[in-house]
Amino acid sequence: QVQLAESGGGLVQPGGSLRLSCAPSGRTFSSYAMGWFRQAPGKEREFVAAISGGGSSTYYGNSMKGRFTISRDNAKNTVYLQMNSLKPEDTAVYYCAAAERWAFVISSYEYWGQGTQVTVSS
């Protein structure tokens, strides 16, 4: 069983930056692919980014490429999402998730955090 806890959300102005963190429990963190997803009000949950267990492979949703960076520190049992050049349309609840296999789709992720709110507004 993996328990996930996100942090780092908040209010930021357009063009600003935020870094989200996710700290999974468990001693086998490095064996899981980790992903970030987001859900805006009235919209379906969408894929943001994923990183492989060892950190060598990453993948991004189209609207995040060049602005968001996913990374992980397995020694600290933490995965990060650095978000730059934020736009109002990035406003959403951001979720951290863990998968036993490399994946980009919601259905492949077995474990989920509670989410952290990101609001981009002036």
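Here we look at a nonpolar patch on the surface
A contiguous nonpolar surface patch, about 360 Å² in accessible area, is contributed by Tyr59, Trp102, Phe104 and Val105. Residue placement: tyrosine 59 occurs in strand E6 (residues 58–60). The exposure class assigned to tyrosine 59 is partly exposed, which follows from its relative accessible area of 39%.

So, the nonpolar core
The biggest cluster of nonpolar side chains holds 29 residues, and the ones touching the most others in it are Met34, Trp36, Val79, Leu81, Met83 and Tyr94. If you look at the next biggest cluster of nonpolar residues, it comprises 8 residues, including Ala97, Ala99, Ala103 and Tyr109.

What about the pairing of strand E4 (residues 33–39)?
Where burial is concerned, most of E4 is hidden: 6 out of the 7 residues are buried. As paired elements, E4 and strand E9 (residues 92–99) share 7 bridges and run antiparallel to each other. Bridge pairing links alanine 33 to alanine 99 in E9. Relative to strand E5 (residues 46–51), E4 runs antiparallel, the two being bridged by 5 bridges. In the strand pairing of E5, glycine 35 is matched with alanine 50. Taken together, E4 and the strand that follows it, E5, pair antiparallel across an intervening segment of 6 residues, in which glycine 42 is found at a positive phi of about 75 degrees.

Overview of the pairing of strand E8 (residues 78–83)
A large share of E8 lies buried, amounting to 5 of its 6 residues. Here strand E7 (residues 68–73) runs beside E8; their pairing, made up of 6 bridges, is antiparallel. Of the residues in E8, the one forming a bridge with aspartate 73 is threonine 78. The turn linking E7 back onto E8 is made up of 4 residues, and asparagine 77 within it adopts a positive phi angle of 50 degrees.

Some points on empty space enclosed by the protein
Over the atoms a probe the size of a water molecule is rolled, and this reveals where empty space is left. Taken as a whole and assessed by the stated rule, the structure comprises 1 cavity of 30 Å³ or more. If you add up the space inside the largest cavity, you get close to 30 Å³. Contributing to the lining of the largest cavity are Val2, Pro24, Ser25, Gly26, Thr28, Phe29, Tyr32, Met34 and Ala98. For the lining of the largest cavity, a count of residues per class yields 6 nonpolar, 3 polar and no charged.

Section: the pattern of salt bridges
Tallying each qualifying case throughout the model produces 3 salt bridges. Residues aspartate 90 and arginine 38 are paired through a salt bridge, measuring 2.9 Å at the closest nitrogen-oxygen approach. One end of the pair, aspartate 90, is in the loop between E8 and E9; the other, arginine 38, is in strand E4, with 52 residues separating them in the sequence. Pair check on accessibility: aspartate 90 and arginine 38 agree, each one buried. Across the pair arginine 67 and aspartate 90 runs a salt bridge whose closest N-O atoms are separated by 2.7 Å. Within this pair, whereas arginine 67 is found in the loop between E6 and E7, its partner aspartate 90 is found in the loop between E8 and E9, the two being separated by 23 residues in sequence. A relative accessible area of 1% means that aspartate 90 is categorised as buried. Salt bridges linked by common partners bring Arg38, Glu46, Arg67 and Asp90 together as one network.

Cut-off values and rules
Position numbers for residues count from 1 along each chain, tracking the sequence in the order it is written. Residue-level local features of this predicted model are given only where pLDDT is at least 70; pairs of side-chain atoms are given and counted only at 80 or more, and the full residue set underlies all totals for whole chains, interfaces and linings. Side-chain calculation: all heavy atoms of the structure are included, whereas hydrogens and water are not. Patch membership is restricted to residues that have no salt bridge and whose relative accessible area is over 30%. Joining uses 9 Å for like charges and 5 Å for the nonpolar side chains Val, Leu, Ile, Met, Phe, Trp and Tyr. Residue exposure ignores everything except the shown protein chains as possible cover, and the areas themselves are Shrake-Rupley values with a 1.4 Å probe. Should a side-chain nitrogen of Lys or Arg be within 4 Å of a carboxyl oxygen of Asp or Glu, the pair is scored as a salt bridge. Every helix listed is a DSSP run of H or I at least four residues long, and every strand listed is a run of E at least two residues long, numbered separately from the N terminus. Burial status follows relative accessibility: with a 1.4 Å probe on protein chains alone, a residue under 20% of its type maximum counts as buried, one over 50% as exposed, and anything between as partly exposed. Buried residues of nine kinds, namely Ala, Val, Leu, Ile, Met, Phe, Trp, Tyr and Cys, make up a nonpolar core once their side-chain atoms join them within 4.5 Å. Any two strands with at least two DSSP-identified bridges between them are counted as paired. Method remark: on a 1 Å grid restricted to protein atoms, a set of points is classed as a cavity if a 1.4 Å probe fits but cannot get out and as a pocket if it is open with protein on both sides within 12 Å along at least five of seven lines; lining residues have an atom within 4 Å of a point. Grid points are joined across faces, edges and corners, and a volume is the space filled by probe spheres set on the points. Lys, Arg, Asp and Glu make up the charged group, whereas Ala, Val, Leu, Ile, Met, Phe, Trp, Tyr, Cys and Pro make up the nonpolar group; the residues left over, Gly among them, are polar.

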